[in-house]
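# Architecture at a glance
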Amino acid sequence: MPNSSSTKKFGTAPVFFTAISTILGAIMFLRFGFAVGNVGFLGTIAIILIGHAVTIPTAMAIAEIATNQKVEGGGEYYIISRSFGLVIGSAIGLALYMSQAISVAFYIMAFAEAFTSLFDYLIATFAMPEWLVWVLKQKQTIGIPALVGLTAIVLAKGADLGVKVLYAVVATLSVSMVAFFIGTTEYSQTVPFDVSRTVEDIVFVEPELAREQPQILPTDQLFADSLTATYPDSQEVRSAPPVVDDKENNSSSSPLIPLGFFTVFAIIFPAFTGMTAGVGLSGDLRDPGKSIPLGTLAGTIAGMVIYVFIAYKLAVSASPADLADTSKLVMADIAWQGWWIIPVGLAAATISSALGSIMVAPRTLQAIARDKIFPATRFNYWLSRGKGKSDEPYNASIVTVSIAALFIMAGAIDSVAQVISMFFMVTYGSLCLISFLNHFAADPSYRPRFKSRWLISLFGAIACFGLMFFMNALYAFFAIVLMVGLYFIIAYYNKDKKSMALIFQGVIFQFSRRLQVFLQKADKEKAKSWRPSAIAFSSNTFERLGAFDLLRWISQTYGFGTYIHQISGYLSRDTSQQARDCKERLIKMAELTDSKIYVDTLISPSYTSSIAQVIQLPGIAGTENNLLLFEFSKKEPESLKEIVDNFKLIQSVDFDVLVLAASERGFGLKKQVHIWLTSIDYQNANLMILLAYIIIGHREWKGAEIKIFAIYPEDSIEEERKKLYDLIEKGQLPISYNNIEFITRKVDVKTEHIICEKSRDADLSIVGFRPELIKHEGVNAFQHYAELGNILYVNAAEHKAIK
């Protein structure tokens, strides 16, 4: 058996070092002093805490998920796609990949910033032709060679050499940190520490000192040019004091313009978002379930602690004005031998972040291609191909580096960087949401060795998605619209992958279970109005759709419906398979008709046992069932005898009973519903009228009208008319006087003849029946109207009071 370590050879250290080197990156060197100068030590601590209120829950979520399932290549994409499903997961994954690929360009451009001082020195010292001066001032002069060099390392030697370089980078970064913390300044020895002192105090409290300081503005184009224009909070600055003339030097200094807290937070926040960088190495780890949580949490917490100490060191070592001055590298002035160690550390931090992105992004793209998300099969195969025993994503690396090179050449990184942050926030929010949903779904297969708390995960998800709009509402909206568009495109080309993810099924099942248990236990107010909770039962579903259609019309808006298809026979392997096949057909029918009904099958050897089981079914919406619907064919009424023979059993549960007599005409044009009331229909009348109004409320009956006929004997019609009007006046019948037509029945004319004559063109006729009629007439009670179309026989268990 081959040793798996030959292909999965990394431990926890690469995960930790990748995370910590990304966290302690370019922003720490170039902008952290700027934060301390503008908002003070306490303000910077607040920024660190708010930022880690997002990153720590995310790190805990990753640690939890990684200890439950084997995280394969692709890291964050693998976790999201296997939790949310391939369509949603790949939409987020493509956005994540683009942010990772563009981050390569972002870090390379930051790396080029480390050479600005050197090139400025060379230009000022030596005489150079104009073209050479122009070349040295371009960020691409360093950026493109650096990208090519890193690409050569990754493509030639793979992640193995990349991790070795990462160790060297981390060592250099550590030396820079040590040099910084042991450094001393005259300011730290002469000025007492003030936790709340900011550059604002110099502007408005010490104008004489402000006169000696340079202008405080976020001048670095890479990180902040667009921020002051984009973030409204950047306008929340106090009016600068009048310019102070320096008569001795015959000059005037520019005023200090401190920035607001939220603007500084927006600039600094990306410094805390590198904790998941090591997750992309999951496919190369010996034990991802151990290395990812340990390395990620250690990197996140270590980064937070280090940032707190850096903030303190900066606050005690330099004045707020010097810290907020972005034109110089203040950490170099504080550090021991800082003139060369800090620039080298800056270069190491940026190149390590770029290296980490080059190692991670291609693996994300490779994992997406292996899921066959792209519409071109050959393109999926080309991207998914690996190189060597360690399966290095060679082709995906070429695509990633090409994308990075395009953005480096364009130089438009400052605006794109904010969109990158939005995509990362969506990723972090998704990871926290997955952790929360897994807690709520309570899947027995979800048994992580490391457990976060559901409240922490929920807070992290809300904080991530809220912070997107808090930082920049426009870019947040753009990022969401882009991912929604990706979702629909991927869903269109991957119709076979549109199944509901297990995590959503689990959440829905748990929510439904808890809701039904709550409804069962809760003290219920006695219902003042009737709402149908119906069960339709038939063994001829696929021959006659009448009962299926009637149930979906009743259940579309006002009621709840369960459709049961009977399969005659004993339970066996064959009948079980037949039941599954029938259920799939029923679900397809419900989907095609956009129905709001629950469908299922029932295997039973007899009609009586089937009825006994059906009437005991619980309601699907937490309410008790109150209505039974049966059907039979007027042309072949064999099933009618079974309904009549079991009517006493049906009556045992006091359900309202509907019997649909289906004709070959069906429901016709769906334009006319006739209701027939007689002197024995007082108990049935309200149910008949309610059902008619519910049915024509469905969109398929748009434009239909209801006609109500009251038919009484000639000698009692006036008395019956007065009774009916009294019921209408008291509100016990939900109709108006004008909507009812009274018909006098002569002694020698049967009621059936009048109904057949008046309703021969009706699409549905509703008539009432009493149990006593079945007792005396049997099946003949339902066979009086052969000339009519579909007839709905209604028997109410009790009078329905309507208010």
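If you're wondering where the values come from, they're calculated on a predicted model, not measured in any experiment.

The rules we used
Residues numbered from 1 in each chain as written. Predicted model: local features only at pLDDT ≥ 70, side-chain atom pairs only at ≥ 80, totals over all residues. Heavy atoms only, no water. Helix = DSSP H or I, 4+ residues; strand = E, 2+ residues; numbered from the N terminus. Buried < 20%, exposed > 50% of the residue type's maximum accessible area, 1.4 Å probe, protein only. Contact = heavy atoms within 4.5 Å. Areas by Shrake-Rupley, 256 points an atom, 1.4 Å probe, with all protein chains shown as cover. Phe/Tyr/Trp six-rings, centres within 6.5 Å; stacked < 30°, edge-to-face > 60°. Lys NZ or Arg CZ within 6 Å of the ring centre and 35° of its normal. pLDDT = per-residue confidence, 0-100. Expected span 1.5 Å × (residues − 1). Arc of directions from axis to C-beta. Core = buried A, V, L, I, M, F, W, Y, C linked by side-chain atoms within 4.5 Å. Patch = residues over 30% accessible without salt bridge, like charges linked within 9 Å, V, L, I, M, F, W, Y side chains within 5 Å. Salt bridge = Lys/Arg side-chain N within 4 Å of Asp/Glu carboxyl O. Pairing = 2+ DSSP bridges. Axes fitted to C-alpha atoms, helices over the stretch in contact; angles between N-to-C directions. Disulfide = S-S within 2.5 Å. Right-handed = clockwise from strand over helix to strand, strands pointing away.

## Some remarks on the overall build of the chain
- Counting its secondary structure elements, the chain contains 31 helices and 12 strands.
- Burial status across the chain gives 53% buried among its 803 residues.
- By sequence separation, contacts in the chain at least 24 residues apart represent 82% of the contacts at least 6 residues apart.
- Within the structure as shown, the chain displays about 37400 Å² of accessible surface, and the carbon and sulfur contribution to it stands at 58%.

## Notes on the packing of aromatic side chains
- Going through the model one piece at a time under the given rule, you end up with 23 aromatic pairs.
- Ring centres of F41 and Y312 lie 6.1 Å apart, and the angle between their planes is 75°; on these two criteria the pair is classed as edge-to-face. Placement of the pair is F41 in helix α2 (residues 26–66) and Y312 in helix α13 (residues 288–317), with a sequence separation of 271 residues.
- The exposure class assigned to F41 is buried, which follows from its relative accessible area of 13%.
- Between F379 and W382, the ring centres sit 6.4 Å apart and the planes meet at 20°, which makes this aromatic pair stacked. Taken together, the residues F379 and W382, both in helix α17 (residues 377–384) and 3 residues apart, mark about one turn of the helix.
- Given the relative accessible area of 35%, W382 is considered partly exposed.
- Stacked on the ring of F542, the Lys or Arg R585 has its end atom at 3.8 Å from the ring centre.

## A few points about the confidence of the model for the chain
- In the predicted model, the chain carries a mean pLDDT of 79, and 83% of its residues have values of at least 70.
- Throughout residues 1–7 the model reports pLDDT below 50, and contacts reaching past four residues in sequence, or to other chains, amount to 2 contacts.
- Here residues 209–255 is a poorly scored stretch, pLDDT under 50, and it has 99 contacts once near neighbours within four places are set aside; other chains count.

## Considerations on helix α20 (residues 454–471)
- Taking 1.5 Å per residue, 18 residues should reach 26 Å; α20 reaches 25 Å between its end C-alpha atoms and fits that length.
- Within α20 the residues assigned to the buried category are S457, G460, A461, A463, C464, L467, M468 and M471.

## Side note on helix α26 (residues 638–645)
- Of all the positions in α26, only S639, L640, I643 and V644 are classed as buried. Down the axis of α26, the buried side of the element spans an arc of 145°, and every buried residue falls inside it. Opposite its buried face, α26 presents the exposed residues E638 and K641, each directed more than 90 degrees away.

## A look at the nonpolar core
- The biggest cluster of nonpolar side chains holds 116 residues, and the ones touching the most others in it are F29, F32, I268, F272, Y307 and L314.
- Discounting residues that sit within four places of it in the chain, Y307 has contacts with I23, L24, G25, M28, F32, I48, A271 and F272.
- In terms of nonpolar packing, the next biggest core, distinct from the first, is built from 48 residues, A536, A692, A704 and I766 among them.

## Thoughts on the environment of V54
- When you line up the elements, V54 lands in helix α2.
- Remark: the alpha-carbon pair of V54 and I456, spanning 402 residues in sequence, is separated by 9.7 Å.
- Residue contacts for V54: discarding those within four places in its chain leaves F269, M425, A463, C464 and L467.

## Some thoughts on a nonpolar patch on the surface
- A cluster of nonpolar residues, F469, F477, I480, V481, V484 and F488, forms a patch on the protein surface that exposes about 570 Å² of accessible area.
- Examining the composition of the nonpolar patch, we find that 5 residues originate from one element, helix α21 (residues 473–493), more than from any other.
- Position of V481 among the secondary structure elements: in helix α21.
- For V481, a relative accessible area of 43% corresponds to the partly exposed category.

## Looking at unusual backbone geometry
- The phi dihedral of Q337 is positive, around 55°, even though this residue is not glycine.
- On the secondary structure map, Q337 appears in the loop between α15 (330–334) and α16 (338–370).
- Its identity is not glycine, yet D594 carries a phi of approximately 55°, on the positive side.
- Examined against the element boundaries, D594 turns out to sit in the loop between α24 (573–592) and β5 (597–604).
- On the basis of relative accessibility, which here comes to 41%, the residue D594 falls in the partly exposed class.

## Let's talk about the sheet that holds strand β10 (residues 740–745)
- Spatially, β5-β4-β3-β6-β7-β12-β11-β8-β9-β10 is the arrangement adopted by the 10 strands of the open sheet, whose pairing is mixed. Lying at the two open borders of the sheet, with one neighbouring strand each, are β5 and β10. Adjacent strand axes in the sheet meet at a mean angle of 25° when their direction is disregarded.

## A look at the pairing of strand β7 (residues 656–662)
- In terms of burial, β7 is largely enclosed, as 7 of its 7 residues are buried.
- The two faces of β7 match: D656, L658, L660 and A662 on one face and V657, V659 and A661 on the other face are all buried.
- With 7 bridges connecting them, strand β6 (residues 627–633) and β7 associate as parallel partners. Bridging from a neighbouring strand, F632 pairs with A661 of β7.
- For β7 and strand β12 (residues 790–795), the ladder comprises 5 bridges, and the chain directions are antiparallel.

## Side note on the pattern of salt bridges
- Within the structure shown, the criterion is met by 12 salt bridges.
- Where E631 meets R544, a salt bridge forms, and the shortest distance between an N and an O atom there is 2.8 Å. Remark: R544 occurs in the loop between β3 (533–538) and α23 (546–555) and E631 occurs in strand β6; sequence separation between them is 87 residues.
- Residue E631 is classed as buried on the basis of its relative accessible area, which comes to 5%.
- Here the salt bridges do not stand alone but share partners, grouping D549, R552 and E700 into one network.

## What about the state of the cysteines?
- All told, the structure shown has 0 disulfides when counted by the stated rule.
- Here C432 stays free of any disulfide, with the sulfur of C464 as its closest cysteine sulfur at 4.9 Å.
- Take C432: its relative accessible area is 0%, and that puts it in the buried class.
- On the basis of relative accessibility, which here comes to 0%, the residue C464 falls in the buried class.

## A few points about the environment of M128
- If you trace the backbone, M128 turns up in the loop between α5 (116–125) and α6 (130–137).
- Discounting residues that sit within four places of it in the chain, M128 has contacts with L122, I123, V133 and L136.

## With respect to the pairing of strand β4 (residues 560–568)
- Most of β4 is tucked away: 7 of the 9 residues are buried.
- Sheet topology places β3 next to β4; 6 bridges connect them, and they run parallel. Looking across to β4, one finds that S533 is bridged to F560.
- Note on the crossover from β3 through α23 to β4: the handedness is right-handed.
- Where β4 lies against β5, 8 bridges are found, and the strand directions are parallel. If you follow Q566 over to β5, its bridge partner there is L602.

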